[in-house]
Each structure stands twice: as C-alpha cells, then as structure tokens.
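So you can see what is in the structure, the chains are spelled out below.
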Amino acid sequence: MKYLSIKDNFLLPSLMVVCSIMVSSSQVYASSAGPALLADLEDALVSLADKVRPSVVSLSPYIAPSPSVRRQGDHSGMPASAGSGVIIDGRGIIVTNNHVVRGSGKVKVTLLGGEEKIGTVLGTDEDTDIAVVQIDSEKPLSVAVLGDSFKLKVGQLVLAVGN
C-alpha cells in the first residue's frame, strides 16, 4: 500500500505540471501564431477559389419557350432544384449533383460572365448524387483540375466550390 501511495503522490503533481505546461504552451501558440496561421490559410483558400471560380457554373431548370406555358403558368414539368456545377473538360463536360438536374433532359447553364447555354444531361446516378451535363461553346472554357481522391488522407483539407 505504501508503494501505491508514493506513486499516487508522485504521479498526480507530475501530471498536473505536464498538463499545465501543455495548456500554457497552447495558449501562447493560439494567441500569437494562431491568427497568422488562420489568415494564411484563409488567403490560400480564397486564392484557390478565385483560380477555380471561372469553371464554376450555375444550373437552373430549362423551360422551352412556349406561349401556352407562359399563358397558363404551367410549371409542372419544371425540376424542383437548381444549383452549381464545375466544368471538368474543355468540350463542355460539367459535373453536378443529380438532385440539381433530376427529371430533366436539358438545363440552363450560366457561365461566370453571365453567358447562358442550354446543357444536355448526359447521365445521372441517384445513389451517388452525381450527374454529367454537356454544353456547346465556340469559345474555350475554363476547366477545373480535380484532385485524386485516392491520394487523400483522413483529416486533409479539401475545398468544394460552388455558387
């Protein structure tokens, strides 16, 4: 019993000193380097978003012009969603979410500068909520470079950009 008592009396104060050192050192780190580190991280993320932004498009329901639709106000064929997508190929291939284009053969695609195109839904997968749309463009399109998800490690930062 005496051995446990000495051990307890030695470990408890030692543990308190170690915890105290750890807490005070993290407070110093948080108060001096923390804001600078966060500012650097924010600057890097903003820079990356600015670089990718030209490849981000807005997707919305496409309703073919029709006097009867305008006159009667019938929107029953209109998909329930709108959202964003990313151009991943210079031929106008766009990746978006399935729920954005669900039930549509065509969608209105708005590029960064406001130019509107009619996109064709090439394929969808409800289980993964992924869809592929294609637009035609006479001008070169900005393309996002995607990372390799197989190289990601748990805990790494990733960036999702949309509008």
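Residues numbered from 1 in each chain as written. Predicted model: local features only at pLDDT ≥ 70, side-chain atom pairs only at ≥ 80, totals over all residues. Heavy atoms only, no water.

### Let's talk about the overall build of the protein chain
We count it as follows: The secondary structure listing takes helices from DSSP runs of H or I that are at least 4 residues long and strands from runs of E that are at least 2 residues long, numbered from the N terminus. To measure how exposed things are, a 1.4 Å probe is used in the Shrake-Rupley method; for residues, cover is taken only from the protein chains shown.
Of the regular secondary structure elements, the protein chain holds four helices and six strands. The N-to-C order of helical and strand elements in the protein chain reads α-α-β-α-β-β-α-β-β-β. Put simply, the protein chain shows about 11,900 Å² of open surface, and 60% of that area lies on carbon and sulfur atoms.

### A look at the sheet that holds strand β6 (residues 130-134)
Stated formally: For two strands to count as paired, DSSP must find a minimum of two bridges between them. Each axis is a line fitted through C-alpha atoms, and for a helix only the stretch in contact is used; angles between axes span 0 to 180 degrees, taken between their N-to-C directions.
Here six strands make up a closed barrel; going around it, the order is β1-β2-β3-β6-β5-β4 and the pairing antiparallel. Each adjacent strand pair in this sheet contributes to an overall mean axis angle of 40 degrees, direction not counted. Examined bridge by bridge, strand β5 (residues 116-125) and β6 share five bridges and lie antiparallel to one another. Its bridge partner being in β6, Val121 is matched across the sheet by Val133.

### A word on the pairing of β5
Relative to β5, strand β4 (residues 106-110) is paired through five bridges, and the arrangement is antiparallel. Within β5, the residue paired with Val109 across the bridge is Lys117. The turn linking β4 back onto β5 is made up of five residues, and Gly114 within it adopts a positive phi angle of 100 degrees. Between β5 and the antiparallel strand that follows it, β6, lie four residues; Asp129 among them carries a positive phi value of about 55 degrees.

### Brief notes about the pattern of salt bridges
The line we're drawing: In what follows, salt bridge is the name for a side-chain nitrogen of Lys or Arg lying within 4 Å of a carboxyl oxygen of Asp or Glu. The buried label applies to any residue whose accessible area, calculated with a 1.4 Å probe on protein chains only, is under 20% of its type's maximum; exposed applies above 50%, and partly exposed to all values in between.
Counting across every chain of the model gives five salt bridges. Residue Lys108 pairs with Glu116 through a salt bridge whose shortest N-O separation is 3.7 Å. One salt bridge connects Lys117 with Glu115, and the closest N-O pair in it is separated by 3.1 Å. Since its relative accessible area comes to 27%, Glu115 is described here as partly exposed. One network of salt bridges, with partners in common, ties together Glu115, Lys117, Glu138 and Lys139.

### Structural notes on the layout of surface pockets
To find leftover empty space, a probe the size of one water molecule is rolled over the atoms. Cut-off, in case you're wondering: Note on definitions: the grid is 1 Å and covers protein atoms alone; a cavity is a set of points where a 1.4 Å probe fits but cannot get out; a pocket is an open set with protein on both sides within 12 Å along at least five of seven lines; lining residues have an atom within 4 Å of a point. Grid points are joined across faces, edges and corners, and a volume is the space filled by probe spheres set on the points. The residue classification treats Ala, Val, Leu, Ile, Met, Phe, Trp, Tyr, Cys and Pro as nonpolar and Asp, Glu, Lys and Arg as charged. All others, Gly included, are polar.
Counted as a void, the largest pocket has a volume near 770 Å³. Lining the largest pocket are 23 residues, and of these Val145, Leu146, Gly147, Leu159 and Ala160 lie nearest its centre. Elements that contribute at least two residues to the lining of the largest pocket include exactly α2 (34-52), β2 (83-89) and β3 (93-96). The class makeup of the residues in the lining of the largest pocket is 15 nonpolar, seven polar and one charged.

### Focus on the environment of Asp148
Put simply, the rule reads: Side-chain atoms alone can form a polar contact between residues adjacent in sequence; in general such a contact is a pair of N or O atoms within 3.5 Å, and within protein one must be able to donate a hydrogen while the other accepts it.
The topology assignment puts Asp148 in the segment after β6. Of the polar contacts made by the side chain of Asp148, one reaches the backbone nitrogen of Phe150; its length is 2.9 Å.

### Some thoughts on the confidence of the model for the protein chain
Threshold: What pLDDT expresses is the predictor's confidence in each residue, scored from 0 to 100. A contact between two residues is defined here by any heavy atoms of the two lying within 4.5 Å.
On average, residues of the protein chain score 78 in pLDDT, and 72% of them reach the 70 mark or higher. Predicted confidence for residues 1-29 stays below pLDDT 50, and this span has four contacts to residues more than four positions away or in other chains. Within the model, the stretch residues 71-79 combines pLDDT values under 50 with eight contacts to residues more than four positions away or in other chains.

### Digging into unusual backbone geometry
With a phi angle near 55 degrees, Asp129 is a residue other than glycine that sits in the positive phi range. Secondary-structure assignment places Asp129 in the loop between β5 and β6.

### Considerations on the environment of Pro54
Here Pro54 is to be found in the loop between α2 and β1 (56-61). Classification of Pro54 as partly exposed rests on a relative accessible area of 32%. Each C-alpha atom of the pair Pro54 and Val143 lies 7.8 Å from the other, and the pair is 89 residues apart in sequence. If near-sequence neighbours (up to four positions away) are discounted, Pro54 is found in contact with Leu112 and Ser142.

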